[in-house]
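As a plain string of letters, each chain reads:
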Amino acid sequence: QVQLVESGGGLVHAGGSLGLSCVISGNIFGFYTMGWFRQAPGNQRELVAQISNGGSTNYADSVKGRFTISRDSAKNTVYLRMNSLKPEDTAVYYCNAKLPGDFGRGLDYWGQGTQVTVSS
């Protein structure tokens, strides 16, 4: 019933920019956090950026100053603007939403992933 659909991945040269979008559909009554994770082959999935219901943000140290997360609550959409991309940013990027569940628990929902490749 809840679905996350990502778009915006692609291939860019080092120093370039990309913007990712994630549309969340379904019967949603508020959220705890929305954000982006990424996973490179052979590595664990890691947090890139999150934004809370109250608007506070959290970034991985490796992307601070280069990436910006934002949202449009009316459209249930979260964005990730990626500037000054580096080859080490190459990964599959996953949209994440933590939504209220039973007894106040947060339930994680995930998009299908979108490939970001940064060439040297």
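Since the model is a prediction, treat every value here as computed from it, not as a measurement.

K.L.:
Lay out the overall build of the chain with the relevant residues and their values.
P.N.:
Helices and strands together make up the secondary structure of the chain, namely zero helices and eleven strands. In terms of overall size, the chain behaves like a compact globule, its C-alpha atoms giving a radius of gyration of 14 Å where 120 residues would be expected to give roughly 14 Å. Each principal axis of the C-alpha atoms in the chain carries an extent, and together these give about 45 × 25 × 25 Å. In the chain, the share of contacts with a sequence separation of at least 24, taken over all contacts with a separation of at least 6, comes to 52%.

K.L.:
Provide a residue-level description of the pattern of salt bridges, including the pertinent values.
P.N.:
Within this structure, the stated rule accounts for five salt bridges. In this structure, Arg 38 engages Glu 46 in a salt bridge whose closest nitrogen and oxygen atoms are separated by 2.8 Å. The class for Arg 38 is buried, based on a relative accessible area of 6%. Residue Glu 46 is classed as partly exposed on the basis of its relative accessible area, which comes to 36%. In this structure, Asp 61 and Lys 64 form a salt bridge, with 3.1 Å as the shortest nitrogen-oxygen distance. Like Lys 64, Asp 61 is exposed. Among the charged side chains, a network of salt bridges with common partners joins Arg 38, Glu 46, Arg 66 and Asp 89.

K.L.:
Describe the state of the cysteines, with residues and values.
P.N.:
Across all of its chains, the model carries one disulfide by this definition. Each sulfur in the disulfide pair Cys 22 and Cys 95 lies 2.1 Å from the other. In this structure the cystine formed by Cys 22 and Cys 95 twists about its S-S bond by roughly -90 degrees; its chirality is therefore left-handed. Of this pair, Cys 22 sits in strand β3 (residues 18-25) while Cys 95 sits in strand β9 (residues 91-100), and the two are 73 residues apart along the sequence. Across this residue pair, the class does not change: Cys 22 and Cys 95 are buried.

K.L.:
Can you lay out the environment of Leu 107 for me, pointing to particular residues and giving the numbers?
P.N.:
Structurally, the position occupied by Leu 107 is in strand β10 (residues 106-110). Distance in space between the C-alpha atoms of Leu 107 and Phe 31 is 9.7 Å, their sequence separation being 76 residues.

K.L.:
An account of the nonpolar core is requested, with residue identities and associated values reported.
P.N.:
Most often, soluble globular proteins keep nonpolar side chains buried together rather than apart. Trp 36, Val 48, Phe 67, Ile 69, Leu 80, Met 82 and Tyr 93 are the most contacted members of the largest nonpolar core, which totals 30 residues. Of all the elements in the fold, those that place two or more residues in this core are β3, β4 (33-39), β5 (46-52), β7 (67-72), β8 (77-82), β9 and β11 (114-119). Apart from the residues within four sequence positions on either side, Phe 67 is in contact with Arg 38, Val 48, Tyr 59, Leu 80, Arg 81, Met 82, Asn 83, Leu 85, Asp 89 and Tyr 93.

About the criteria used
- Residues numbered from 1 in each chain as written.
- Predicted model: local features only at pLDDT ≥ 70, side-chain atom pairs only at ≥ 80, totals over all residues.
- Heavy atoms only, no water.
- Helix = DSSP H or I, 4+ residues; strand = E, 2+ residues; numbered from the N terminus.
- Rg over C-alpha atoms; globule rule 2.2 N^0.38 Å.
- Contact = heavy atoms within 4.5 Å.
- Salt bridge = Lys/Arg side-chain N within 4 Å of Asp/Glu carboxyl O.
- Buried < 20%, exposed > 50% of the residue type's maximum accessible area, 1.4 Å probe, protein only.
- Disulfide = S-S within 2.5 Å.
- Core = buried A, V, L, I, M, F, W, Y, C linked by side-chain atoms within 4.5 Å.

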